Amino acid sequence: MFYLVNTPWVVKKFIYPRYIWNMPGKEKKIYLSFDDGPHPTITPIVLEQLKEHNAKASFFCIGKNVAENPDLYKQIIEEGHSVGNHTHNHLNGWEVNDKAYLKNITTAAKYIDSSLFRPPYGRITRFQAKQVMEILNYDIIMWSVLSGDFDSSLSPEDCWNNVLKATGAGSIVVFHDSEKAKKRVLYALPKLLTYYSERGYSFERIII
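Quantities reported herein were computed from a predicted structural model and do not represent experimental measurements.

Teacher, can you tell me more about the pairing of strand β1 (residues 29–35) here?
Along any regular strand the residues' side chains alternate between the sheet's two faces. When you tally the buried positions in β1, you get 6 out of 7 residues, the bulk of the element. In this sheet, strand β8 (residues 202–203) lies alongside β1 in parallel orientation, the contact comprising 2 bridges. Directly across from lysine 29, in β8, lies its bridge partner serine 202. Bridge analysis of β1 against strand β7 (residues 172–176) gives 5 bridges, and the strand direction is parallel.

Below is the structure:
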């Protein structure tokens, strides 16, 4: 499985400059994000770990999962985190037609109240992105650090090392509150929260 842990600056600045890849400023702030939830057993653990470190984060939710776990979605918001639309059925924009993709986003919007959108797999066509930003009025939130917690070939220690090597002030870091990522995210997240807290960093939600 090939993916880049740290998004190259040329991609952020010249290829997809309208997407948000990291947050501005040089303050010691890190922007944790969690994709694919809410999950009935993993999301509560993530929320508890965040609470222990007074950390805020952003949860890019799948509409179907919100419909199935409405109380967890409510808890995410009540505990001060932000939410974003991650489509209703985790669609890959490269593999479905534009009409179906956009309709899936609007279906998710019935359950997810947000102006933030993250395309599943990071895969979205230029036409789809234009429609999402200009017609549906979303900000497209990508990332500067991909933890790799979804990669079953990666050890929990390797996942943590991915984050440690690439994360700094203003980084948007991607984890997943999903069954597939469970072993790696639940290992790496508390280590990240402890390590960076001890070095004076805070953890903030994404607000545009």
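So that's the structure; there's more coming.
How do you make sense of the packing of aromatic side chains when you look at a structure like this?
Centre distance and the angle of the planes are the two values used to describe a pair of aromatic rings. Under the definition given, this model contains 10 aromatic pairs. Measuring from ring centre to ring centre gives 6.3 Å for tyrosine 101 and phenylalanine 117, while their planes differ by 85 degrees; the resulting arrangement is edge-to-face. Taken together, the positions of tyrosine 101 in helix α5 (residues 98–108) and phenylalanine 117 in strand β4 (residues 116–117) put the pair 16 residues apart, joining distant regions of the chain. Ring geometry for tyrosine 196 against tyrosine 201: centres 5.2 Å apart, planes inclined by 90 degrees, an arrangement best described as edge-to-face. Aromatic ring contacts, followed pair by pair, group Tyr16, Tyr19, Trp21 and Trp143 into a single cluster. The lysine or arginine in question, arginine 118, covers the ring of phenylalanine 60, its NZ or CZ lying 4.2 Å from the ring centre.

Is there a simple way to think about helix α2 (residues 42–52) in this case?
Because an α-helix packs 3.6 residues into every turn, residues spaced three or four apart end up facing the same way. Within α2, burial applies to Ile42, Thr43, Val46, Leu47, Gln49 and Leu50. Projected onto a plane normal to the axis of α2, the buried residues spread over an arc of 160 degrees and lie on a single side. Of the residues in α2, the exposed ones pointing more than 90 degrees away from the buried face are Lys51 and Glu52. Buried residues in α2 make contact with β1, β2 (57–61), α4 (70–78) and α8 (182–198).

I keep staring at the nonpolar core and nothing clicks. Help me out?
Proteins that are soluble and globular tend to have nonpolar side chains buried together. Counting residues in each nonpolar core, the largest one holds 64 residues, and the members touching the most others are Leu32, Phe34, Leu50, Phe59, Ile140 and Phe175. For this core, the element with the most residues is α8, which contributes 6 residues.

Scoring rules and cut-offs
- Residues numbered from 1 in each chain as written.
- Predicted model: local features only at pLDDT ≥ 70, side-chain atom pairs only at ≥ 80, totals over all residues.
- Heavy atoms only, no water.
- Buried < 20%, exposed > 50% of the residue type's maximum accessible area, 1.4 Å probe, protein only.
- Helix = DSSP H or I, 4+ residues; strand = E, 2+ residues; numbered from the N terminus.
- Pairing = 2+ DSSP bridges.
- Phe/Tyr/Trp six-rings, centres within 6.5 Å; stacked < 30°, edge-to-face > 60°.
- Lys NZ or Arg CZ within 6 Å of the ring centre and 35° of its normal.
- Arc of directions from axis to C-beta.
- Contact = heavy atoms within 4.5 Å.
- Core = buried A, V, L, I, M, F, W, Y, C linked by side-chain atoms within 4.5 Å.

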